[in-house]
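# Results of the structural survey
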Amino acid sequence: GSLPVAALALDGLPGAGEVGVAAADPVAVLTGLGDLLAHMGREDEAAHHVHRALEYAPESADAWAVLAYVRDRQQRLEEAHQLWAAALDLGPRTASSYLLHARHAMTLAQGGGLIGDGSDRVELADAARSSLRVATDLDPSYSEAWVMRGVAAVLAFFPPTDFLAW
């Protein structure tokens, strides 16, 4: 079964100055919850919480990035692609946002759910490598981003169609 998600009473989150507790950021809480739910496969609930985060802070690049990830998981690729563009324009602060973007771009570049006519594969692969560089710059200990950088480098030399011919 699935775990119940408690409704968040945002006015009940701890405030600054309470004993040893920093002020809780409702946008970060809702975005984090949305990210967790998306990774659990509960995309509709995830989208609900991320939309709530965006009501508080429409300029939150990380919330837009999580919403793009949710749409990606729902196979709403055109929408996900547009949301990623919006998120990247705002400049996400987390390495995981850039890693998720790189995965999206690599999937599209490899032909996994191409949008449009597929002529932008090189541009998508470059965008993936760029996002992975930013992810490892933001968090040099992010091992998953380093592994994905290696995969992206290999795919740059041997596109998936070349693997099949080899």
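Shown above is the structure to which this text applies.
This report concerns the structure included in the present document. Nothing here was measured: the structure is a model prediction, and the numbers come from that model. (Residues numbered from 1 in each chain as written. Predicted model: local features only at pLDDT ≥ 70, side-chain atom pairs only at ≥ 80, totals over all residues. Heavy atoms only, no water.)

### Here's the deal with helix H4 (residues 77-90)
Every α-helix winds through 3.6 residues per turn, so residues three or four apart in the chain are directed the same way. Inclusion rule: Helix and strand labels come from DSSP, where a helix needs a run of H or I of at least four residues and a strand needs a run of E of at least two; each type is numbered from the N terminus. Multiplying 1.5 Å by the residue count of a helix minus one yields the expected span of that helix. Buried means the residue's accessible area, taken with a 1.4 Å probe over protein chains only, is under 20% of the maximum for its type, while exposed means over 50%, and partly exposed covers the values in between. It is the directions from the helix axis to the C-beta atoms whose arc is reported. In what follows, a contact means two residues having at least one pair of non-hydrogen atoms within 4.5 Å.
Helix length check: H4 (14 residues) gives 20 Å between terminal C-alpha atoms against 20 Å at 1.5 Å per residue, within 8%. The set of residues buried in H4 consists of Leu 77, Ala 80, Leu 83, Trp 84 and Ala 87. The arc enclosing the buried residues of H4, seen along the axis, measures out at 115 degrees, which places them on a common side. In H4, the exposed positions angled more than 90 degrees off the buried face are occupied by Gln 82 and Asp 89. Next to the buried residues of H4 lie helix H3 (61-73) and helix H5 (95-109). Following H4 by one or two positions, Gly 91 has its phi on the positive side, about 80 degrees.

### What about the environment of Val 134?
On the secondary structure map, Val 134 appears in helix H6 (residues 121-138). The exposure class assigned to Val 134 is partly exposed, which follows from its relative accessible area of 27%.

### Observations regarding the pattern of salt bridges
To keep things clear, this is the line we draw: Definition used for salt bridges: Asp or Glu carboxyl oxygen within 4 Å of a side-chain nitrogen of Lys or Arg.
Within the structure shown, the criterion is met by seven salt bridges. One salt bridge connects Glu 43 with Arg 73, and the closest N-O pair in it is separated by 2.8 Å. With Glu 43 in helix H2 (residues 43-56) and Arg 73 in helix H3, this pair connects stretches of sequence that are 30 residues apart. Of the residues examined, Glu 43 reaches a relative accessible area of 15% and is grouped as buried. With a shortest N-O distance of 3.1 Å, Arg 71 and Glu 79 are connected by a salt bridge. Bridged by salt links that share partners, the residues Arg 71, Arg 76 and Glu 79 form one connected network.

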